[in-house]
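Single-letter residue listing:
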Amino acid sequence: MRGASLLAYCVCETPREPPPAEIRGVDGQPVYLIDDDGLCVVVSPLPQPAGAGAPDVSRILAFEKVVEVFHRARAVLPFRFGCVLEDEMRAREALRARRGEYQAFLRRLNGCVEMGVRLLLPWKDRAPSGDGPGPHSAADGAAPAGTSPGIRYLHARRARYQEEERLALEEEEDETVERCRTAFTGLYVDFRSELSRIRGPGASEGDHAASRGRDGAEPGVRMASLVFLVKRDREEAFRKVFRVLSRKEGMKVLLSGPWPPYNFVTGEAGEK
């Protein structure tokens, strides 16, 4: 076990008691702690590190279950699925090298949970910006065969900016998102938002939330995801405000959580 590659789940302060023996990680592997002076990383052996990042639903669910077990009793700094450590020695070196950074994150996240509010907004198609198709445009959105790499690059950039413009919130939608965020004033310590298009029934919005259920929304719907970092003792008050909000808004409003604070950990801190 000590020489094997390791799948990392989260960093936390070292618990006084070892994790329950019945906790199993990805692929049914045993979960254990690597401690360095009161700070630890939660890991499980990874016999085949080359396949660590395969986003199989059952593996993601097993990964999240381990993180949630530790999050119930303490602040955790969760990693994204697929974070692999070479061995125990490298894990301890990482804990020592980034101790100050990890401790700062844990202090910030202490006593907090992540709550998500999703607003399903009707999709409104918009005409692309500009003066219409250029001489090197194609009806299917791809540059015609035989064009130069430079033309293909410019064509791709234009398509990207047109899609970003189509995804931009209209004024009315932006006001709806802001109204919903404002409703929770005083009940959260941090906030994130994201807009995505649901392209078909059962489509997910990605990342860790993808394994937690499907909205079953019809095609042609945009979803605004509002994610709040909430103190545990404010969770019930947050839920009460949501219930009032869901009655007032004339659209589908969904609540999820509490979850570990995946969306409030920067990419660098959540990787090694």
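Residues numbered from 1 in each chain as written. Predicted model: local features only at pLDDT ≥ 70, side-chain atom pairs only at ≥ 80, totals over all residues. Heavy atoms only, no water.

Undergrad: Would you mind going over the overall build of the protein with me for this structure?
TA: The helix and strand inventory of the protein stands at 6 helices and 9 strands. For the protein, the share of sequence-separated contacts (at least 6 apart) that also reach a separation of at least 24 residues comes to 80%. Taken as a whole, the protein presents about 14,600 Å² of accessible surface, with 51% of it coming from carbon and sulfur. (Helix = DSSP H or I, 4+ residues; strand = E, 2+ residues; numbered from the N terminus. Contact = heavy atoms within 4.5 Å. Areas by Shrake-Rupley, 256 points an atom, 1.4 Å probe, with all protein chains shown as cover.)

Undergrad: I would appreciate a short explanation of the nonpolar core in the present structure.
TA: Nonpolar side chains tend toward joint burial in soluble globular proteins. Membership of the largest hydrophobic core comes to 24 residues, with the highest contact counts inside it found for V11, V41 and L77. Counting residues per element, this core draws most heavily on helix 3 (residues 99-109), which supplies 4 residues. (Core = buried A, V, L, I, M, F, W, Y, C linked by side-chain atoms within 4.5 Å. Buried < 20%, exposed > 50% of the residue type's maximum accessible area, 1.4 Å probe, protein only.)

Undergrad: Any chance you could explain unusual backbone geometry here in plain terms?
TA: As a rule of thumb, non-glycine residues mostly have phi less than zero, and peptide bonds are mostly trans rather than cis. Note that the residue after G257, namely P258, is joined by a cis bond; omega there is 10°. Looking at the element boundaries, P258 is found in strand 9 (residues 252-259). Positive phi, close to 60°, is recorded for D27, a residue that is not glycine. With respect to the helices, strands and loops of the structure, D27 is situated in the loop between strand 1 (6-13) and strand 2 (32-36). Of note, the phi angle at D37 is positive, near 55°, even though the residue is not glycine. Relative to the helices and strands, D37 is located in the loop between strand 2 and strand 3 (39-45). Classification of D37 by relative accessible area gives exposed; the value is 67%.

Undergrad: What's the story with the packing of aromatic side chains in this structure? I'm lost.
TA: Aromatic ring pairs are defined here through the distance separating the ring centres and the angle between the ring planes. As enumerated under the stated definition, the model contains 8 aromatic pairs in all. Look at F191 and F228: their rings are 5.1 Å apart centre to centre, the planes differ by 50°, and that puts the pair in the tilted class. Linking F191 in strand 7 (residues 190-198) with F228 in strand 8 (residues 221-231), this pair joins segments that are 37 residues apart in sequence. Relative to F238, the ring of F228 has its centre 5.2 Å away and its plane inclined at 65°; by these criteria the two rings are edge-to-face. Pair noted here: F228 is in strand 8 and F238 is in helix 6 (residues 235-248), with a separation of 10 residues, a long-range link. By relative accessible area, F228 is classed as buried at 0%. You can call F238 buried: its relative accessible area is 0%. Taken together through their ring pairs, the aromatic side chains of F184, Y188, F191, F228 and F238 make up a single cluster. Stacked on the ring of F191, the Lys or Arg R181 has its end atom at 5.9 Å from the ring centre. (Phe/Tyr/Trp six-rings, centres within 6.5 Å; stacked < 30°, edge-to-face > 60°. Lys NZ or Arg CZ within 6 Å of the ring centre and 35° of its normal.)

Undergrad: Is there a simple way to think about the confidence of the model for the protein in this case?
TA: Reading predicted coordinates in detail is not appropriate for stretches of low pLDDT. Confidence along the protein averages 76 in pLDDT terms, with 64% of residues attaining 70 or more. In this model residues 165-169 is a low-confidence stretch, pLDDT under 50, and it forms 22 contacts with partners more than four residues away in sequence or in other chains. (pLDDT = per-residue confidence, 0-100.)

Undergrad: How should helix 3 be read in this particular structure?
TA: Think of an α-helix as 3.6 residues a turn; residues three or four steps apart then line up on the same face. When we look at burial in helix 3, the residues that qualify are R99, Y102, F105, L106 and L109. Down the axis of helix 3, the buried set is contained in an arc of 135°. They therefore lie on one face. The first or second residue beyond helix 3 is G111, which carries a positive phi of 75°. (Arc of directions from axis to C-beta.)

Undergrad: Help me understand the pattern of salt bridges in this model?
TA: Oppositely charged side chains may form a pair once their charged atoms are brought near each other. This model, assessed by the stated rule, comprises 12 salt bridges. Two residues, R181 and E178, come together in a salt bridge whose shortest N-O distance is 2.5 Å. Placement of both R181 and E178 in helix 5 (residues 171-183) is noted, with a separation of 3 residues, approximately one turn of the helix. You can call E178 partly exposed: its relative accessible area is 36%. (Salt bridge = Lys/Arg side-chain N within 4 Å of Asp/Glu carboxyl O.)

Undergrad: Help me out: how do you make sense of the side chain of D36 in this one?
TA: Checked against the element boundaries, D36 lands in strand 2. For D36, a relative accessible area of 11% puts it in the buried group.

Undergrad: Where do I start with the environment of V26 in this structure?
TA: Position of V26 among the secondary structure elements: in the loop between strand 1 and strand 2. A sequence separation of 37 residues divides V26 from F63, and the C-alpha atoms of the two residues are 5.7 Å apart. For V26, the residues in contact, after removing those within four places along its chain, are L7, Y9, S44, R59, A62, F63 and F81.

Undergrad: Can you help me understand helix 2 (residues 88-97) in this one?
TA: Those residues of helix 2 that fall on the buried side of the exposure criterion are E88, A91, A94 and L95. Buried residues along helix 2 cover an arc of 120° about the axis, so they all sit on one side. For helix 2, the exposed residues lying more than 90 degrees away from the buried face are R96 and A97. For helix 2, the elements touching its buried residues are strand 1, strand 2, strand 3, strand 5 (84-85) and helix 3.

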